[in-house]
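# Structural description and commentary
For reference, the chains in residue letters:
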Amino acid sequence: EIIKNVFFRKNSDKINTINQVLDYIRQNYQNSICLDDLIIQANSNVSKRHFISFFQQYTSYTPIDYLNNFRIERAKTLLTSTANQRYISRSRFSG
């Protein structure tokens, strides 16, 4: 029972750590972010290699791949919403 509790507490800590890093990415994706910044957000003193492996285990992406994909998806959303706003504006004037 004690071993089970320790396991779940460690897993919970890891998930909280990943969530901290993901929140940092969501709030700062428009800024320059490097791997060291993400490691700092994880409050971790691990090697870059270990952090990448840890992050990839939980997200299926390396930290930088996740960041780049997040930026691309955010850009697509912004472009789509901007394009829709322009289309709506033009249709108001042409009707």
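Definitions and cut-offs
Position labels on residues start from 1 in each chain and follow its written sequence. Confidence filtering applies because this is a predicted model: local features only for residues at pLDDT of at least 70, side-chain atom pairs given and counted only at 80 or more, and all residues used for totals across whole chains, interfaces and linings. Side-chain measures here rest on the full set of heavy atoms in the structure, leaving out hydrogens and waters. As used in this record, nonpolar core signifies buried Ala, Val, Leu, Ile, Met, Phe, Trp, Tyr and Cys residues forming a set joined through side-chain atoms within 4.5 Å. With a 1.4 Å probe rolled over the protein chains alone, any residue whose accessible area is under 20% of its type maximum counts as buried; one over 50% counts as exposed, and the rest are partly exposed. The way it works is that DSSP assigns letters per residue, a run of H or I at least four long becomes a helix, a run of E at least two long becomes a strand, and they are numbered from the N terminus. Note on contacts: a residue pair qualifies if any of its non-hydrogen atoms lie within 4.5 Å across the two residues. In protein, a polar contact means a hydrogen-donor-capable atom and an acceptor-capable atom, both N or O and within 3.5 Å, with residues adjacent in sequence counting only if both atoms are side-chain atoms; elsewhere, any N or O pair within 3.5 Å suffices.

### Description of the nonpolar core
Grouped burial of nonpolar side chains is what soluble globular proteins tend to show. Of all hydrophobic cores here, the largest spans 16 residues; its most connected members are Val21, Ile25, Leu38, Phe51 and Phe55. Among the elements of the structure, α1 (2-28), α2 (35-41), α3 (48-59) and α4 (63-94) are those that each provide at least two residues to this core. It is α1 that contributes the most residues to this core, five residues altogether. Other than its neighbours up to four places away in sequence, valine 21 contacts Leu38, Gln41, Ala42, Phe51 and Phe55.

### What to know about unusual backbone geometry
The phi dihedral of asparagine 43 falls on the positive side, at around 50 degrees, and the residue is not glycine. Looking at the element boundaries, asparagine 43 is found in the loop between α2 and α3. Of the residues examined, asparagine 43 reaches a relative accessible area of 64% and is grouped as exposed. If you check the backbone angles, serine 60 has positive phi at about 70 degrees while not being a glycine.

### Concerning the side chain of threonine 59
Residue placement: threonine 59 occurs in helix α3. Look at threonine 59 and you get buried, because its relative accessible area is 13%. Within the structure, the side chain of threonine 59 is placed 2.9 Å from the backbone oxygen of phenylalanine 55, a separation counted as a polar contact. Excluding anything up to four places from it in sequence, threonine 59 contacts Ile18, Leu22 and Tyr66.

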